[in-house]
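# A structural walkthrough
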Amino acid sequence: MAVLCVFLPTRGWSQIFDPDTFTLKNGMQVVVISNHRAPVVRHMVWYKVGAADEAPGETGIAHLLEHLMFKGTKNFGPGVFSAQVARNGGQENAFTSYDYTAYFQTIARDRLEMVMRMEADRMTNLLISEAQVAPERNVVLEERRSRTDNNPSAQLREQVSAALYLNYPYRRPIIGWEHEIRALDVDRILAFYKRYYAPNNAVLVVEGDVTAQELKPLAEKYYGAIPRGPDIVRERTTEPPARADRQVTLASERVTQPSWSRRYLAPSYRYGASEHAYALQVLAEIIGGGPSSRLHRKLVMEDAIALSAGAFYDADDLGPAAFGFYAQPKPGVDMAKIDSAVMMEVERVLQTGVTKPEVDGALERMRNNAVFAKDDFGTAARIFGAALTSGGSVEEVEDWLQRIGNVTAEDVAAAARYVLQGKHSVTAELLSKPQS
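My aim in this report is to walk through the structure given alongside it, one point at a time. Fair warning: this is a prediction, and the values are worked out from it, not measured in the lab.

Quick notes on the rules
Residues numbered from 1 in each chain as written. Predicted model: local features only at pLDDT ≥ 70, side-chain atom pairs only at ≥ 80, totals over all residues. Heavy atoms only, no water. Pairing = 2+ DSSP bridges. Helix = DSSP H or I, 4+ residues; strand = E, 2+ residues; numbered from the N terminus. Axes fitted to C-alpha atoms, helices over the stretch in contact; angles between N-to-C directions. Contact = heavy atoms within 4.5 Å. Left-handed = near helix turned anticlockwise from the far one by under 90°. Nonpolar A, V, L, I, M, F, W, Y, C, P; charged D, E, K, R; others polar. Parallel < 35°, antiparallel > 145°, perpendicular 65-115°, else oblique. Salt bridge = Lys/Arg side-chain N within 4 Å of Asp/Glu carboxyl O. Phe/Tyr/Trp six-rings, centres within 6.5 Å; stacked < 30°, edge-to-face > 60°. Buried < 20%, exposed > 50% of the residue type's maximum accessible area, 1.4 Å probe, protein only. Lys NZ or Arg CZ within 6 Å of the ring centre and 35° of its normal. Arc of directions from axis to C-beta.

### Some details on the sheet that holds strand β10 (residues 306-313)
Sheet architecture is open: five strands sit in the order β8-β12-β9-β11-β10, paired in mixed fashion. At either margin of the open sheet sits one strand with a lone partner, and together these are β8 (246-252) and β10. With direction set aside, neighbouring strand axes in the sheet form an average angle of 10 degrees. Along the sheet face, helix α9 (residues 277-288) touches β9 (259-266), β10 and β11 (321-329) and points at about 175 degrees away from the line of β10. Contacts from helix α11 (residues 335-352) reach β9, β10, β11 and β12 (426-432) within the one sheet, and its direction differs from that of β9 by about 40 degrees.

What follows is the structure, given as structure tokens:
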């Protein structure tokens with residue numbers, strides 16, 4: 001089980017996976033991506049609830065519930081689900097993000113019905129007590145200590161998110177604040193479970209050696225038998241405009257490689273000026289998408305002041321996204337020099353835009369990545385699950401190649417000006433501190 005922020009793009013595979021989809025009478029959407037290369041399936045249930053849906057004072061409840069979902073039901077006792085999957089040669093896990101929570105098993109196709117029966121059962125029959133919550137809460141607290149509190153990079157990311165988002169729930173950590181995790185009890189967790197875990201708030205995605213015709217009767221038998229729950233409206237706060245630049249610096253004796261980054265608030269597919277989302281993906285590829293990008297060529301190859309440099313942007317968030325740049329300075333190189341070099345490249349984009357050959361090259365690389373993803377078993381299920389639980393549709397995923405292919409150099413320049421020109425940012429510096 002893991003807290004997972006998905007940074008993989010969840011677009012790019014349109015007209016490649018060719019999924020089938022249908023909706024059960026209780027509102028549960030089903031997506032089937034047939035792949036008959038091996039007699040294996042990946043079965044995933046995605047819930048449209050994540051850390052950003054938590055109420056104030058309840059940070060970490062979505063993730064703690066994810067852990068507790070393995071504690072058993074009245075039909076399958078504690079540990080039975082995992083033991084059954086393992087005994088049949090399968091693997092399972094789960095993850096929580098800001099916008100969704102997902103559970104999955106990878107198993108032989110002739111065991112698919114078994115995992116569907118057990119996964120459907122725990123959608124509605126979870127049994128947990130305070131005696132089970134207490135030790136699992138300690139597991140999560142230890143996870144937080146090991147992954148965040150003892151990790152300077154993770155500590156800095158947590159502080160940066162709190163600085164970037166003034167009001168939107170992305171400012172809170174997915175794993176939760178320690179004092180709020182400690183306050184989560186069985187009553188609050190069960191209330192959260194009963195509110196959000198229902199077929200009409202979930203998506204079933206199955207990838208592998210199965211067809212929609214084969215899956216549909218099983219989906220109707222196990223998931224279709226679960227009553228529809230109340231309609232869920234995902235009420236999120238609105239992020240106000242940033243009025244000032246912010247600087248977040250963390251120095252630690254445990255930092256062996258300093259780093260620099262700068263983030264700007266940006267629209268996503270679902271939030272803000274979404275018409276720029278496709279062009280921003282192309283901009284990120286041109287300025288910081290790999291060895292051929294502007295930042296890598298300038299900072300790493302030409303000036304030789306950085307070990308790495310690039311840009312990042314994820315359009316799939318349900319809320320406001322972040323467009324950012326990063327670099328790792330070579331030993332002895334001052335952060336101010338890195339800052340200046342990166343911003344010179346940003347200013348060059350703002351002043352002169354990008355060229356058509358740069359756009360064509362970026363689009364070609366992005367199309368190639370989409371083709372390569374077809375051979376990565378499980379990727380399709382991840383893409384459709386993340387998209388459909390974040391406000392997207394199968395059709396939008398399918399249209400990605402066409403939409404990204406329509407981006408022009410003028411679109412990229414306009415998107416860059418919209419997000420970067422005259423806008424306030426959050427700069428983060430991770431520094432080495434001499435040992436005392």
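Now that the structure is up, let's keep going.
### Points about the packing of helix α10 (residues 294-302) against α11
Between α10 and α11, whose axes approach to 10 Å, the crossing angle comes to 145 degrees. For the pair α10 and α11, the sense of crossing is right-handed. In this structure, α10 uses R294, L295, K298 and L299 to contact α11, whose residues at the interface are I338, A341, V342, E345, R348 and V349. Residues belonging to the contact of α10 with α11 are distributed by class as follows: six nonpolar, no polar and four charged.

### Notes on the packing of helix α1 (residues 61-68) against helix α4 (residues 130-149)
Taken N-terminus to C-terminus, the directions of α1 and α4 make an angle of 120 degrees; their axes are 10 Å apart at the nearest point. For the element pair α1 / α4, the angle class is oblique. Taken as a pair, α1 and α4 cross one another with a handedness that is right-handed. Contact residues: H63, L64, H67 and L68 in α1; Q132, V133, E136, R137, V139, V140 and E143 in α4. For the contact of α1 with α4, the class distribution of residues is five nonpolar, three polar and three charged.

### A short note on the pattern of salt bridges
Pairs can form between side chains of opposite charge whenever their charged atoms are close. The full count for this structure, using the stated rule, is 27 salt bridges. One salt bridge connects K221 with E113, and the closest N-O pair in it is separated by 3.3 Å. Separated by 108 residues along the polypeptide, K221 in helix α8 (residues 212-222) and E113 in helix α3 (residues 112-124) bring together distant segments of the chain. Residues participating in the shared-partner salt-bridge network are D53, D99, R234 and R236.

### A few points about the packing of aromatic side chains
The full count for this structure, using the stated rule, is 19 aromatic pairs. On the basis of an interplanar angle of 85 degrees and a centroid distance of 5.5 Å, the ring pair of Y165 and Y170 is categorised as edge-to-face. Note on Y165: relative accessible area 6%, which makes it buried. The exposure class assigned to Y170 is buried, which follows from its relative accessible area of 3%. Arranged with centres 5.7 Å apart and planes meeting at 35 degrees, the rings of Y313 and F323 form a pair that is tilted. Taken together, the residues Y313 in strand β10 and F323 in strand β11 connect sequence positions ten residues apart. Looking at R122, its charged tip hangs above the ring of F70, at a distance of 4.7 Å from the centre.

### Structural notes on unusual backbone geometry
Although it is not a glycine, D18 adopts a positive phi angle of roughly 50 degrees. Accessibility expressed as a relative area gives 57% for D18, which makes it exposed. Despite not being glycine, A304 shows a phi value in the positive range, around 55 degrees. Position of A304 relative to the elements: it lies in the loop between α10 and β10.

### A word on α8
Because each turn of an α-helix spans 3.6 residues, side chains separated by three or four positions end up pointing in the same direction. For α8, the set of buried residues is A212, L215, L218, A219 and Y222. Burial along α8 is one-sided: seen end-on, the buried residues are contained in an arc of 130 degrees. Pointing more than 90 degrees away from the buried face of α8 are the exposed residues Q213 and K221. Buried-residue contacts for α8 involve β2 (20-23), β3 (29-34), α3 and β7 (202-208).

### Quick word on the pairing of β7
Most of β7 sits inside the fold, with seven of its seven residues counted as buried. The side-chain alternation of β7 yields two buried faces, one formed by A202, L204, V206 and G208 and the other by V203, V205 and E207. Looking at chain direction, β3 and β7 are connected through six bridges and run parallel. By the bridge assignment for β7, S34 is matched with G208. As paired strands, strand β4 (residues 40-47) and β7 are joined by seven bridges and run antiparallel to one another. Residue pairing across strands places V45 opposite L204, the latter belonging to β7.

### Some words on the pairing of β2
Examined bridge by bridge, β2 and β3 share four bridges and lie antiparallel to one another. For T21, the partnering residue across the bridge sits in β3 and is V31. Linkage of β2 to β3, two consecutive antiparallel strands, is achieved through a turn of five residues, within which G27 is found at a positive phi near 100 degrees.

### Considerations on the side chain of R246
Take R246: it is sitting in strand β8. Ignoring any residue separated from it by four or fewer positions in sequence, one finds R246 in contact with A163, L164, L166, H424, S425, V426 and T427.

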